[in-house]
Structures are given as C-alpha cells and as structure tokens.
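Coordinates in review
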Amino acid sequence: MMVRRGLSAWLPRMVVLLVVLCSAVSILYMLACTPKGIDEQLAFPRANSPTGKEGYQAILQEREEQHHNYINSLKKQIAQLKDELQERSEQLKSLQDHYTDSLGPGLERSNPEKTPADLLEFLRSQIDRAEVHAGAKLPTEYAAVPFESFTLQKVYQLDTGLTRHPEEKPVRKDKRDELAEAIELALETLNSQNSDSNTNHHMYAASDFIEGMYRTEKDKGTLYELTFKGDRSHEFRRIILFRPFGPIMKVKNENLNMANTLINIVVPLAKRASKFRQFMQNFREMGIEQDGRIHLTVVYFGKEQMNEVKAILENTSKSANFKNFTFIQLNEEFSRGKGLDIGARIWKGNNVVLFFCDVDIYFTAEFLNTCRLNTQPGKKVFYPVLFSQYNPGIIYGHHGSIPPLEQQLVIKKETGFWRDFGFGMTCQYRSDFINIGGFDLDIKGWGGEDVHLYRKYLHSNLIVVRTPVRGLFHLWHEKRCPDELTPEQYKMCMQSKAMNEASHGQLGMLVFRHEIEAHLRKQKTSSKKT
C-alpha cells in the first residue's frame with residue numbers, strides 16, 4: 001500500500017510539472033509573437049498630426065525599445081524554464097540509474113519510474129516469493145502452480161477451459177504480445193552482452209529460441225524462463241525474467257553446458273516383452289543415436305519373459321555398440337516404487353540425472369535436453385506433464401487405417417490429453433532423490449508411490465518445475481478392470497478407462513452412432529426420391 005501511494009503521488013506530480021513547464025514556454029512565445037490589436041495601433045499618431053514627423057519617430061523609437069526589453073525578458077524566462085526542465089530530466093535519469101544500480105548486477109527493469117527503498121524491497125520480496133532463487137514449501141500437490149510451455153508458434157497449456165485444447169494455435173493476441181515482449185527483451189539482453197565483449201559472438205535472433213516456460217501467480221506476478229541455442233553444441237543460454245504486475249524485469253542470464261550431463265533412465269518392468277521391444281526402438285533412435293549421453297537401468301521382477309527381455313537388450317547393445325546399461329533381476333512381486341528406488345541407489349558413478357520412466361512411454365531427444373535443463377542438484381527437480389494418447393482404434397476409425405506410431409504423436413484434442421494427474425515420469429539428480437528419502441517402499445504394485453515422492457519435494461526447499469512438454473508421450477494400452485474389484489472400484493476403474501479411450505466428442509459419437517446411421521439412411525432415401 002505504501003508503494004502504490006508513494007508511486008501514485010510522485011509520478012503524476014513529475015508529469016504535471018513537465019507539462020506545465022512546456023505549456024508556459026509555449027504561452028510566452030505566443031504572447032511575444034502575437035500582433036497588436038486595433039486599439040494599440042490607433043495609439044500611434046498620424047503623419048499629419050500636430051506632433052509631426054519627429055514626434056512619430058520618437059514614439060516609434062520608444063515603442064521599439066519597449067519591445068526589445070520585453071523580448072529580452074521573455075528570452076530570460078524561457079532560458080530559466082529550459083534550465084529547470086533540463087534539471088528535472090537529469091533528476092529523472094539519475095533516479096533510473098540509481099534504480100538499476102540498487103537492484104544489483106543482472107537485475108534491471110525497463111522504464112523504471114520510481115526507486116524508493118520500500119519499492120525495491122517489495123520487488124525483491126515478489127521475486128523471492130515467486131520461487132526464482134529457491135523453492136517454497138507447499139502443503140499439497142494442489143497448491144503447486146504449473147508452468148505453461150511455448151515455442152514461437154504454439155502455447156502448450158493445461159488450463160484448457162471449455163475448449164479442451166491442449167495447445168493454443170494461433171495464440172491469442174494478448175498472450176502473443178506478452179510472450180513476444182519477453183522474447184524480445186531476452187534477445188536484447190543476449191545481444192547487448194555480446195556487443196560488450198571483445199570476442200566475436202553471433203547476434204541472437206528469434207530463430208535461436210528453443211522453448212520457454214511461464215506461469216502467473218495472482219499475488220506475485222509472472223515468471224518466464226527462456227532457453228536459446230548456445231554458441232556450441234550442447235550449450236544453451238537461459239534468460240529468466242519476472243513481471244511483478246508492472247514492467248518486466250531481467251533476473252538472471254545463464255550459460256548452460258550440457259555436453260557432459262548424463263541421464264540414467266530407470267525402467268521397472270515385469271513381463272510386457274513386446275512393449276519393451278517398442279520402448280527399445282525409441283530408446284535406440286532418440287537416446288543412443290541422437291543424444292548419446294544416456295544410461296539405461298532395467299529393474300526386472302520375476303522370471304517370466306525375462307530371457308526375452310534380456311535378449312532384446314543385448315541385441316540392441318550389439319547392433320548399436322551400446323554398453324551403458326544395467327540389468328537387475330528381482331525374484332519378488334512387482335513394485336514400481338521399489339524398482340525405481342533400487343535402480344537409483346545402485347548407481348556408483350558421479351552424481352547423475354535420473355529419469356524415472358515406464359515401458360509405455362515415448363520420448364524425443366528434445367525432451368532429454370529439457371530434462372537436463374530443468375534439473376539442478378540441491379535446487380530444482382522436474383515433473384513434466386506428458387501427453388497421453390487416446391485409443392488409436394477409436395481415433396482412426398478402424399484398425400486398418402491406423403498410421404505408424406511416429407505419425408500418431410500429434411498434440412491435438414482429438415488425439416489425447418495432458419496427463420496432469422500423473423506424477424510418475426520425473427527428472428531429478430540422484431543426490432536430491434537420496435536426500436529426500438526416496439520412495440515409500442511400503443506401497444506395493446502400481447500407483448501411489450509417485451504422488452508420495454512428489455509431495456516430499458513440494459514440502460522441501462527445492463524448486464519443483466511442472467509443465468506440459470511436447471516431447472513426452474504416454475502410449476495407449478488397454479486398461480483392464482479385474483473381476484475381483486468391488487462394484488464401486490469397478491465403476492471407478494471403468495470411468496478411468498473411458499477417460500483414456502477417447503475425447504468427450506468421440507465417445508459421444510460412439511454412443512449416438514445408431515441415431516447417426518439412421519439419419520444417414522434417411523438422407524440417402526430422400527436423395528434417391530428427388
């Protein structure tokens with residue numbers, strides 16, 4: 001309240017004063033240059049008046065001296081006003097410079113207008129509360145505000161409203177202008193830094209922008225994290241901006257080198273050899289051939305289909321000359337949490353990024369970089385929201401028309417949805433996973449262990465980054481509802497199955513297909529009669 005009162009009282013006064021000064025100069029100038037009225041002209045004697053020619057010249061000379069004195073007086077007043085205007089402008093500039101210096105290195109604000117101590121303190125508190133430098137402890141997963149991710153053309157959003165669009169294209173004008181301003185300021189920051197250095201760096205352009213994330217908290221402001229290509233392979237530049245419901249601010253400028261950042265993908269598995277074969281095709285193409293900085297840890301439960309799974313892993317190893325894998329076999333009942341926990345703890349090398357993954361997940365090489373860029377030991381963990389596929393058999397009409405898998409990976413409301421209720425796929429450093437206490441090993445089977453770990457991170461001082469990502473897909477597989485479930489459990493299972501089968505509109509078309517077919521028959525009959 002003090003900040004708003006001080007700002008609203010100081011800024012209008014400065015603007016009004018500048019306007020008044022400029023108006024005074026204009027008025028004085030007009031007064032000096034306006035011709036005299038008729039009454040003043042009549043005051044001059046005529047040439048044939050009793051005063052004669054000499055009197056006229058004397059009066060004219062007197063008038064001329066008066067005008068010279070009046071003009072000199074106006075010039076002095078104008079000079080004084082200009083000096084005062086210059087002084088006010090210099091005061092305003094010094095306030096701007098003091099504002100930038102007071103914020104410290106790397107923290108600026110475009111068009112600052114006031115910099116009292118309480119305003120600076122307010123801005124710093126907003127940045128700290130927005131989890132720019134450290135995480136804030138949150139009571140539950142419902143308190144976490146997710147990010148939205150975006151490229152130059154699209155925004156990937158969770159808050160879809162009635163339209164249920166997982167992506168926005170074309171982007172709404174107000175949002176497009178907002179994000180364009182953030183990208184423009186980031187490019188200005190990168191290029192101004194390069195121009196100050198002695199080395200020859202390329203000038204950054206919008207084409208160097210890879211992806212960004214932003215989120216708005218209604219009591220704090222909007223945080224932007226923008227990632228650009230670096231000068232070399234595997235290098236990136238990240239610009240962090242913050243808009244505290246006012247002019248946007250530059251918070252941080254980072255140079256990130258991910259050339260030596262290894263990702264250990266941990267996959268718990270029991271049976272499902274055919275799914276594992278499909279997973280390994282994706283792993284080979286994206287992880288081995290395109291990325292190359294990757295390790296695979298498979299934790300296998302039981303012995304059924306184990307030899308088939310090992311053969312798939314060994315064949316990939318030989319054909320792709322890939323040795324960075326670990327196979328662990330456990331003779332016990334499947335537990336996803338225990339499998340991931342063992343896979344994480346058995347690692348003996350240096351600190352590594354862990355990507356907890358399932359066998360029915362498809363990822364891109366682009367996602368692996370996103371995984372690296374959004375994790376930081378002791379500071380940041382990454383919980384991507386993946387895109388979950390609908391049943392291809394329903395989407396594409398009949399099985400004969402189902403396209404290849406790569407052509408199915410399209411983010412549209414007809415093809416799938418953001419799985420914002422799932423927390424199983426996550427990236428974090430092994431040190432953070434160990435320090436947080438790992439999984440709750442009392443949880444058996446599937447489900448529950450991921451939410452438990454997510455809550456641990458929310459209760460810690462680590463920053464939890466949650467955002468939809470365009471390079472991570474949950475492939476559709478049939479959901480079975482066992483007969484031994486209670487009627488209430490079976491009903492809930494079927495509701496969950498329906499959510500994963502198709503969109504609301506597509507399911508509606510199935511429900512009303514008899515009415516639709518009857519309508520088509522009537523149309524054909526009426527067309528034949530005519």
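Source: prediction; values computed, not measured.

1. What to know about the side chain of Lys-379
Among the structural elements, Lys-379 can be located in the loop between helix 9 (365–373) and strand 14 (380–389). No salt bridge forms around the buried Lys-379; measuring N to O, its nearest opposite-charge neighbour Glu-254 is 5.5 Å away. With residues near it in sequence (within four places) discarded, Lys-379 still touches Val-132, His-133, Lys-252, Asp-432, Leu-462 and Ile-463.

2. Concerning the side chain of Thr-227
One can find Thr-227 in strand 6 (residues 221–229). Among the residues examined, Thr-227 registers a relative accessible area of 7% and is labelled buried. Excluding anything up to four places from it in sequence, Thr-227 contacts Asp-208, Phe-209, Ile-210, Glu-211, Phe-236, Arg-237, Arg-238 and Leu-373.

3. Points about the state of the cysteines
Tallying each qualifying case throughout the model produces one disulfide. Two residues, Cys-371 and Cys-427, share a disulfide whose sulfurs are 2.2 Å apart. Across the disulfide from Cys-371 to Cys-427, rotation about the S-S bond amounts to roughly -125 degrees, and the bridge is consequently left-handed. On the criterion of sequence distance, the pair formed by Cys-371 in helix 9 and Cys-427 in strand 16 (residues 426–429) is long-range, its members being 56 residues apart. Like Cys-371, the residue Cys-427 is buried in the burial classification.

4. Considering helix 6 (residues 273–291)
Maximal helix bending in helix 6 amounts to about 35 degrees, located at Phe-283. Buried within helix 6 are the following residues: Ala-273, Lys-275, Phe-276, Phe-279, Met-280, Asn-282, Phe-283, Met-286, Gly-287, Ile-288 and Asp-291. Positioned one or two residues after helix 6, Gly-292 has a phi angle of 85 degrees, which is positive.

5. Let's talk about the confidence of the model for the protein
Mean pLDDT over the protein works out to 80, with 79% of the residues at or above the 70 mark. Low confidence marks residues 1–7, where pLDDT is under 50. Its contacts with residues over four positions away, or in another chain, come to seven contacts. Within the model, pLDDT remains below 50 along residues 36–50, and this stretch shows eleven contacts once partners closer than five positions in the same chain are excluded.

6. A closer look at the nonpolar core
With 62 residues, the main nonpolar core has Ile-265, Phe-276, Phe-279, Phe-283, Phe-355, Phe-363 and Phe-367 as its most contacted residues. With seven residues, helix 6 is the single largest residue contributor to this core. Filtering out sequence-adjacent residues up to four positions away, Phe-276 remains in contact with Leu-269, Val-298, Val-309, Ile-312, Leu-313 and Val-359.

7. Side note on the packing of helix 6 against helix 7 (residues 306–320)
Relative to each other, helix 6 and helix 7 sit at 20 degrees, their axes nearing to 10 Å. Between helix 6 and helix 7, the crossing angle belongs to the class labelled roughly parallel. Helix 7 is crossed by helix 6, and the crossing has right-handed handedness. Within the contact between the two elements, helix 6 uses Ala-273, Phe-276, Arg-277, Met-280, Arg-284 and Ile-288 and helix 7 uses Glu-308, Val-309, Ile-312, Leu-313, Thr-316, Ser-319 and Ala-320.

8. Regarding the packing of aromatic side chains
The relation between two aromatic rings is expressed through the spacing of the ring centres and the mutual angle of the planes. All told, the structure shown has 23 aromatic pairs when counted by the stated rule. For the ring pair Tyr-156 and Trp-418, a centre distance of 6.2 Å and an interplane angle of 85 degrees mean the geometry is edge-to-face. Of this pair, Tyr-156 sits in strand 3 (residues 155–156) while Trp-418 is found in strand 15 (residues 416–418), placing the two residues 262 residues apart along the sequence. Of the two residues, Tyr-156 and Trp-418, both sit in the buried class. Aromatic side chains Phe-355 and Phe-363 sit 6.2 Å apart centroid to centroid with 90 degrees between the ring planes, which places their arrangement in the edge-to-face category. According to the relative accessible area criterion, Phe-355 is buried, its value standing at 0%.

9. Here's the deal with the pairing of strand 5 (residues 209–217)
For strand 5, the buried fraction is high: seven of the nine residues fall into the buried class. Sheet topology note: the strand 2 (residues 148–150)/strand 5 ladder contains three bridges and is antiparallel. For Glu-148, the partnering residue across the bridge sits in strand 5 and is Tyr-214. Following strand 5, the chain reverses through three residues before pairing antiparallel with strand 6.

10. Side note on the pairing of strand 6
Counted residue by residue, strand 6 has eight buried out of nine residues, so it is predominantly covered. In the sheet, strand 5 pairs with strand 6 via eight bridges, with the strands oriented antiparallel. Residue Glu-217 lies in a different strand from strand 6, and its bridge partner there is Gly-221. Of the strand pairs in this sheet, strand 6 and strand 7 (residues 235–243) are connected by eight bridges, and their pairing is antiparallel. From the neighbouring strand, Lys-229 faces strand 7, where its bridge partner is Phe-236. Connecting strand 6 to the next strand, strand 7, in antiparallel fashion are five residues, including His-234 with a positive phi near 70 degrees.

11. Description of the pattern of salt bridges
Per the counting criterion, the structure on display carries 20 salt bridges. Put simply, Arg-470 and Glu-366 hold a salt bridge, and the shortest N to O gap is 2.5 Å. Pair noted here: Arg-470 is in strand 17 (residues 463–474) and Glu-366 is in helix 9, with a separation of 104 residues, a long-range link. Taking the relative accessible area as the measure of exposure, Arg-470 reaches 19% and is therefore buried. One salt-bridge network, held together by shared partners, links Glu-211, Glu-366 and Arg-470.

Conventions used here
Residues numbered from 1 in each chain as written. Predicted model: local features only at pLDDT ≥ 70, side-chain atom pairs only at ≥ 80, totals over all residues. Heavy atoms only, no water. Helix = DSSP H or I, 4+ residues; strand = E, 2+ residues; numbered from the N terminus. Buried < 20%, exposed > 50% of the residue type's maximum accessible area, 1.4 Å probe, protein only. Lys, Arg positive; Asp, Glu negative; His and termini not counted. Salt bridge = Lys/Arg side-chain N within 4 Å of Asp/Glu carboxyl O. Contact = heavy atoms within 4.5 Å. Disulfide = S-S within 2.5 Å. Bend = angle between axes of the 7 residues up to and from the residue. pLDDT = per-residue confidence, 0-100. Core = buried A, V, L, I, M, F, W, Y, C linked by side-chain atoms within 4.5 Å. Axes fitted to C-alpha atoms, helices over the stretch in contact; angles between N-to-C directions. Parallel < 35°, antiparallel > 145°, perpendicular 65-115°, else oblique. Left-handed = near helix turned anticlockwise from the far one by under 90°. Phe/Tyr/Trp six-rings, centres within 6.5 Å; stacked < 30°, edge-to-face > 60°. Pairing = 2+ DSSP bridges.

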